[in-house]
Amino acid sequence: MPETTTPATELASQYIAQVTGDLEANVKEQERVSAEIASLQEQLAALQRDHAVLMNMQQALGITAAPAEAAVDSRSVTVPSPRRTKTDAAPRGKKKARKSTAAPRKNPAKKPAAKAQDATKGAQPTLVELIRRHLTEQTEPRSAAEIATALSEAHPGRDITAKVVRVTLEGLVAKSQAERSKQGRSVFYTAPASEPTAAPEAGAQHAGADR
């Protein structure tokens, strides 16, 4: 009996050691894959944040998306071209007539859709307009962070950050469309003083001319 039980116990110990080793390798592989997934998710989140900041800076600088729209329109125009070359190479005249009549039907459907998209984009005010409007409504200087917070609350659907607002404000200051003042280390912005005072001076000149 001891001679028959000894090989069985050795075989069982070998299976136990193999299963234990496979489990450890499996756990290590899961940890490695989980770490890679977490790293990729962080990279994706960082890229999405950078994309949102760049889009806001693009709007702040007044850069339009005309090149991208032109590329889309050019693609829609060039799509039927290979179909026409194929129909020209076809020996039968009936197939040419069918494909040539089907091509003009697709183009008019795309043009109204593009016009509708341009109309919706043009209806939304730019970040520059929102900041100028906000400055004219304020009676006291406001910092870039305060303006960004107010605009984010007024327009929750838009991603407005203090960094983009600060860049836009500096652009307005450079164009004399906003004024900048410092209080210690803090920087505040106001609407240009010439805009509200120009109307009373003009009214006084008209009043003197009437007298």
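Residues numbered from 1 in each chain as written. Predicted model: local features only at pLDDT ≥ 70, side-chain atom pairs only at ≥ 80, totals over all residues. Heavy atoms only, no water.

Q: How do you make sense of the overall build of the protein chain when you look at a structure like this?
A: Helix and strand counts for the protein chain come out as 8 helices and 2 strands. The order of α-helices and β-strands along the protein chain, N terminus first, is α-α-α-α-α-α-α-β-β-α. Buried residues in the protein chain amount to 15% of all 211 residues. Taking all contacts inside the protein chain whose residues are at least 6 apart in sequence as the whole, residues at least 24 apart take part in 53%. Accessible surface, the protein chain as shown: approximately 16,000 Å² in total, 58% of it carbon and sulfur. (Helix = DSSP H or I, 4+ residues; strand = E, 2+ residues; numbered from the N terminus. Buried < 20%, exposed > 50% of the residue type's maximum accessible area, 1.4 Å probe, protein only. Contact = heavy atoms within 4.5 Å. Areas by Shrake-Rupley, 256 points an atom, 1.4 Å probe, with all protein chains shown as cover.)

Q: What's the story with the pairing of strand β1 (residues 179–183) in this structure? I'm lost.
A: On a regular strand, one side chain projects to one face of the sheet and the next to the other, so that they alternate. The pairing of β1 with strand β2 (residues 186–190) spans 5 bridges and is classified as antiparallel. For serine 181, the partnering residue across the bridge sits in β2 and is phenylalanine 188. Between the antiparallel neighbours β1 and β2 lie 2 residues, among them glycine 184 with a positive phi of about 75°. (Pairing = 2+ DSSP bridges.)

Q: Help me understand the nonpolar core in this model?
A: Across soluble globular proteins, nonpolar side chains have a tendency to be buried as a group. Counting 19 residues, the largest nonpolar core has Leu127, Ile131, Leu135, Leu151, Val165 and Leu169 as the members making the most contacts within it. Residue assignment for this core shows that the elements contributing at least two residues are α5 (127–137), α6 (144–154) and α7 (162–174). Ignoring any residue separated from it by four or fewer positions in sequence, one finds isoleucine 131 in contact with Leu151, Val165, Thr168, Leu169 and Leu172. (Core = buried A, V, L, I, M, F, W, Y, C linked by side-chain atoms within 4.5 Å.)

Q: Got a minute to help me understand unusual backbone geometry in this structure?
A: Glycine aside, a negative phi is what most residues show, and trans is what most peptide bonds show. A positive phi angle, close to 60°, is found at serine 176, a residue other than glycine. Tracing the sequence through the fold places serine 176 in the loop between α7 and β1. Using a relative accessible area of 58% as the deciding quantity, one classes serine 176 as exposed.

Q: Just to check I follow, could you spell out the side chain of threonine 168 for this structure?
A: Examined against the element boundaries, threonine 168 turns out to sit in helix α7. Within the structure, the side chain of threonine 168 is placed 2.8 Å from the backbone oxygen of valine 164, a separation counted as a polar contact. Non-local contacts of threonine 168, meaning those with residues more than four positions away in its chain, are made with Ala60, Leu127, Val128 and Ile131. (Polar contact = N/O pair within 3.5 Å; in protein donor to acceptor, adjacent residues only side chain to side chain.)

Q: Explain the packing of α5 against α7 to me, please; I cannot follow it from the model alone.
A: When two helices pack together, their arrangement is captured by the angle between the axes and the distance separating the axes. Remark: α5 packs on α7, axes separated minimally by 10 Å, with the N-to-C direction vectors making an angle of 75°. Considering their axes alone, α5 and α7 lie roughly perpendicular with respect to each other. Across the interface between the two elements, Leu127, Val128, Ile131, Arg132 and Leu135 from α5 touch Val164, Val165, Thr168, Leu169 and Leu172 from α7. (Axes fitted to C-alpha atoms, helices over the stretch in contact; angles between N-to-C directions. Parallel < 35°, antiparallel > 145°, perpendicular 65-115°, else oblique.)

Q: Looking at this structure, how should I read the environment of glycine 62?
A: Tracing the backbone shows glycine 62 in the loop between α1 (2–60) and α2 (66–78). A sequence separation of 66 residues divides glycine 62 from valine 128, and the C-alpha atoms of the two residues are 7.9 Å apart.

Q: In this structure, what is going on with the pattern of salt bridges? I would like to understand it.
A: Two side chains carrying opposite charge are able to pair once their charged atoms lie near each other. Taken as a whole, this structure holds 4 salt bridges when the rule is applied. The closest approach of N and O atoms between glutamate 29 and arginine 32, which form a salt bridge, is 2.3 Å. With glutamate 29 and arginine 32 both in helix α1, this residue pair falls 3 residues apart, about one helical turn. The class of glutamate 29 is partly exposed, set by a relative accessible area of 38%. A relative accessible area of 39% means that arginine 32 is categorised as partly exposed. A salt bridge links arginine 142 to glutamate 140; its shortest N-O distance comes to 3.7 Å. (Salt bridge = Lys/Arg side-chain N within 4 Å of Asp/Glu carboxyl O.)

Q: Is there a simple way to explain α5 in this structure?
A: One turn of an α-helix holds 3.6 residues; hence residues three or four places apart share an orientation. Every buried residue of α5 is accounted for by Leu127, Val128, Leu130, Ile131, His134 and Leu135. All buried residues of α5 project into a common sector of 165° when viewed along the axis, lining one side. (Arc of directions from axis to C-beta.)

Q: What should I look at first to understand a nonpolar patch on the surface in this one?
A: A surface patch of nonpolar side chains, about 260 Å² in accessible area, is lined by Leu61, Ile63 and Val167. Using a relative accessible area of 56% as the deciding quantity, one classes leucine 61 as exposed. (Patch = residues over 30% accessible without salt bridge, like charges linked within 9 Å, V, L, I, M, F, W, Y side chains within 5 Å.)

Q: Explain the packing of α6 against α7 to me, please; I cannot follow it from the model alone.
A: Where α6 meets α7, the axes come as close as 8 Å, and the angle between the chain directions of the two elements is 115°. Once α6 is placed against α7, the crossing between them reads as right-handed. Listed contacts from α7 to Ala144, Ala145, Ile147 and Ala148 of α6 are Ala162, Val165, Arg166 and Leu169. Looking at side-chain class alone, the contact of α6 with α7 contains 7 nonpolar, no polar and 1 charged residues. (Left-handed = near helix turned anticlockwise from the far one by under 90°. Nonpolar A, V, L, I, M, F, W, Y, C, P; charged D, E, K, R; others polar.)

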